[in-house]
Amino acid sequence: MASVSPLMILPPAIFLAVAGLFYAGMNRDNPDALPTALQGKEAPGLQLDPFADKPMLTDETLRQGDVTLVNYWASWCAPCRAEHPQLMQLAADGVPVHGVNYKDEPPKAQAFLSGLGDPYDHGGADSKGRTAIDWGVYGVPETFVVDGEGTIVARFAGPITPEVLESTIRPAIAEAAGAD
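What comes next concerns the included structure. Predicted model, so just to flag it, every value in this text is computed and none were measured.

Reading the values: rules and limits
- Residues numbered from 1 in each chain as written.
- Predicted model: local features only at pLDDT ≥ 70, side-chain atom pairs only at ≥ 80, totals over all residues.
- Heavy atoms only, no water.
- Disulfide = S-S within 2.5 Å.
- Buried < 20%, exposed > 50% of the residue type's maximum accessible area, 1.4 Å probe, protein only.
- Core = buried A, V, L, I, M, F, W, Y, C linked by side-chain atoms within 4.5 Å.
- Helix = DSSP H or I, 4+ residues; strand = E, 2+ residues; numbered from the N terminus.
- Contact = heavy atoms within 4.5 Å.
- Polar contact = N/O pair within 3.5 Å; in protein donor to acceptor, adjacent residues only side chain to side chain.
- Pairing = 2+ DSSP bridges.
- Right-handed = clockwise from strand over helix to strand, strands pointing away.

### Examining the state of the cysteines
Phase 1: Under the definition given, this model contains 1 disulfide.
Phase 2: Residue pairing for Cys77: its cysteine sulfur links by disulfide to Cys80, the two sulfurs lying 2.4 Å apart. Classification of the bridge connecting Cys77 and Cys80 rests on its S-S torsion, roughly 85 degrees, and on that basis the disulfide is right-handed.
Phase 3: What makes Cys77 buried here is its relative accessible area of 5%.

Here you go:
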């Protein structure tokens with residue numbers, strides 16, 4: 001009877017370990033969710049430039065008693081275009097949606113909103129990306145649900161699809177409304 005060398009067992013064992021890690025990662029509750037250290041904390045300060053004729057998004061805007069969404073977006077961002085109908089729906093439903101235009105050219109950003117509609121109550125431009133860094137933004141689009149006292153309740157990285165709107169964003173808005 002031939003003896004089995006440890007070197008013969010090692011490759012299949014490594015493969016099984018890696019496969020197990022992939023399997024566990026694929027079965028998390030929300031594999032697309034990016035953690036945020038800001039959840040449950042006061043929203044970072046906003047250092048924005050004016051955007052078009054939009055009322056300026058300020059720290060005080062986030063602390064006026066209403067649950068709000070802060071959406072980081074750009075005209076050059078294809079997923080931002082894909083999520084835009086959901087933002088328009090939220091605005092039509094009376095949810096205050098505020099927009100932070102991220103590292104964009106103002107004429108292109110204005111043309112984007114002129115063509116697709118403007119869901120934003122307040123806004124500002126983050127031309128250097130400094131505010132996005134403070135908020136922990138990985139890339140656009142990203143949306144934060146903020147309660148009426150300025151506390152971040154939830155964050156969603158990526159485009160808000162109809163499914164995400166119903167399974168993630170609306171429940172976070174309801175949670176934030178209950179916290180007020």
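### Observations regarding the nonpolar core
Phase 1: By size, the foremost hydrophobic cluster in this structure holds 44 residues, and its most contacted members are Val70, Tyr72, Trp135, Val145 and Ile169.
Phase 2: The element that contributes the greatest number of residues to this core is helix H5 (residues 162-179), accounting for 6 residues.
Phase 3: Ignoring any residue separated from it by four or fewer positions in sequence, one finds Ile169 in contact with Leu69, Leu90, Phe156, Ile160 and Val164.

### Focus: the side chain of Lys54
Phase 1: For Lys54, the location among the structural elements is in the loop between helix H1 (6-26) and strand E1 (68-73).
Phase 2: Within polar-contact distance, the side chain of Lys54 engages the backbone oxygen of Tyr120 at 2.7 Å.

### Some remarks on the pairing of strand E4 (residues 142-146)
Phase 1: Taken across its 5 residues, E4 has 5 buried, putting it largely inside the fold.
Phase 2: Going residue by residue along E4, you find Glu142, Phe144 and Val146 tucked away on one face and Thr143 and Val145 tucked away on the opposite face as well.
Phase 3: Pairing of E1 with E4 involves 5 bridges; the strand directions are antiparallel. Note that in E4 the partner of Val70 across the bridge is Phe144.
Phase 4: When E4 meets strand E5 (residues 152-157), the two strands line up antiparallel, connected through 5 bridges. Each bridged residue has a counterpart across the sheet, and for Val146 the counterpart in E5 is Ile152.
Phase 5: In this antiparallel pair of consecutive strands, E4 and E5, the connection spans 5 residues, and Gly150 shows a positive phi of 90 degrees.

### Observations regarding the pairing of strand E3 (residues 120-126)
Phase 1: In terms of residue burial, E3 counts as a mostly covered element, since 5 of its 7 residues are buried.
Phase 2: Where strand E2 (residues 97-102) and E3 come together, 5 bridges link them in parallel fashion. Bridging across to E3, Val100 finds its partner in Gly124.
Phase 3: With respect to chirality, the unit in which E2 leads through helix H3 (residues 106-116) into the neighbouring parallel E3 is right-handed.

Geometric values such as these leave the question of function open.
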